[in-house]
Amino acid sequence: MPAVRVATFNVENLFARFKFNSDVDPQVAVKDGWDVNKTYFTIFDEASKKVTGKLIRSLKADVIALQEVENLDTVRRFRGEYLGGPSKFPYSILVDGNDPRLIDVAVLSRHPIVRVRSNQHLRSGNSYLFSRDCLEVELDIGGSPLHLLVNHFKSMLDKKDPKNGRRNTRARRELQSKTVKEIVKARFGSQAGKNPFIVLGDLNDYLETDDAGSTGIDEIVTWNQVENVVERRPAGDRWTHYFREKAAPLKESYQQLDYLLVSKSLAAKTDTVPEIAR
């Protein structure tokens, strides 16, 4: 497989929605329908998205998995406004998932997307198993396949009991972690690590046990068929999220919540140390 640079990034509430211009009477619009030419389409919080776009461009990634994107139109508009347009990332995909806030996972790629499979339909009891989706994307990297499984697991936030958020939400992440592992095994068999795949995204938990509870993601992160390549970095420089002092569920803390879990065979092809852009 030719060299390829892969990244994951949570763009945090990348919304873009139709709004009526100030000279349009909403009551008339509702009654008579509306003309798209009398609306505008804008990225919410444009200033922060400029910063996000600048950071993503600095990654110089060939493929990037995104979390917290509203829809495909939004990611394409973000690409056009902040990432250099379709010439930089000709291929894009997003499948609507399960989050009531309408935040989904997406992929932008310089390489062709040849196959996509969503797992947002999977159920656990009376609810959807995945908070957003486990989106499977197969890429053609110079004639060789690369399989991505893009995730955004259940948050550790519990508004009703913030001090115990990690404990209270652990079971859902544990189930999601186990299911992603089973999806990979169903595709590639028990020795899945011999195949070129990456499980990546915001898994919303860390491996250490502390006063906030134990992890819910070790089933996939410590699986012997993948390598958590961020562990190639020094121990004190693996964090991807800063918890502010007194913020639930932790005191001031630096933790790894975002992951690139590279299949063993693929990881063995390079000793590259991953970069973390904060």
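Please read these numbers as outputs of a predicted model, since none were measured by experiment. For every chain, the first residue of its written sequence is number 1, and the numbers climb from 1 along that sequence. A pLDDT threshold of at least 70 governs which residues receive local features in this predicted model, and a stricter bar of 80 or more applies before side-chain atom pairs are shown or counted, although totals over entire chains, interfaces and linings include all residues. In computing side-chain properties, one takes all heavy atoms of the structure into account and sets aside hydrogens as well as water.

A. Expanded view of the nonpolar core. Working definition of a nonpolar core: buried Ala, Val, Leu, Ile, Met, Phe, Trp, Tyr and Cys residues. They are joined through side-chain atoms within 4.5 Å. Using a 1.4 Å probe on the protein chains alone, a residue whose accessible area is under 20% of its type maximum counts as buried, one over 50% counts as exposed, and one in between counts as partly exposed. Formed by 24 residues in total, the largest nonpolar core has its most connected members in Phe197, Val199, Leu203, Ile220 and Leu261. Only runs of H or I of at least four residues qualify as helices and only runs of E of at least two qualify as strands under DSSP, and these elements are numbered from the N terminus. Listing elements by their share of this core, those giving two or more residues are α4 (165-188), β12 (197-202), α5 (218-221) and β16 (258-263). No other element matches α4, which puts 3 residues into this core. Once residues lying within four places of it in the same chain are set aside, the contact partners of Ile220 are Ser177, Val180, Lys181, Val199, Leu203, Val226 and Leu261. Throughout, a residue-residue contact means that at least one pair of heavy atoms, one from each residue, lies within 4.5 Å.

B. Representation of the sheet that holds strand β5 (residues 91-94). The rule for pairing is simple: two strands pair if DSSP sees at least two bridges between them. Strand order across the open sheet formed by 4 strands is β1-β4-β6-β5, with mixed pairing between neighbours. The strands lining the two open edges of the sheet, one partner per strand, are β1 (6-14) and β5. Between one strand axis and the next, the sheet turns by 20° as a mean value, whatever way the strands run. Where β1 and strand β4 (residues 63-69) come together, 6 bridges link them in parallel fashion. Within the sheet, the bridge partner assigned to Leu14 lies in β4 and is Val69. Under this scheme, a helix contributes an axis fitted over its contacting stretch, all axes are lines through C-alpha atoms, and angles between N-to-C directions fall in the 0 to 180 degree range. Helix α3 (residues 72-82) rests against β1, β4, β5 and β6 (104-109) of the sheet, and its axis sits at about 145° to β5.

C. Main features of α3. Those residues of α3 lying buried are Leu72, Thr74, Val75, Phe78, Arg79 and Tyr82. Take α3 and look down its axis: the buried residues cluster within an arc of 165°, on one side only. Residue Asn71 occupies the N-cap position of α3, its side-chain oxygen lying 3.3 Å from the main-chain nitrogen of Asp73. Once α3 ends, the next one or two residues include Gly84, with phi positive near 100°. Picture the helix axis, draw a direction to every C-beta atom, and the arc is the one those directions span. Between N or O atoms, a polar contact is any pair within 3.5 Å; within protein, one atom must be a potential hydrogen donor and the other a potential acceptor, and residues adjacent in sequence are included only when both atoms are from side chains.

D. Representation of the side chain of Asn151 within the structure. Secondary-structure assignment places Asn151 in strand β11 (residues 144-152). Separated by 3.1 Å, the side chain of Asn151 and the backbone oxygen of Leu149 make a polar contact. The contact partners of Asn151, leaving out residues within four places of it in the chain, are Gln67, Val105, Phe130, Asp133, Cys134, Val180, Val199, Leu200, Gly201, Asp202 and Leu203.

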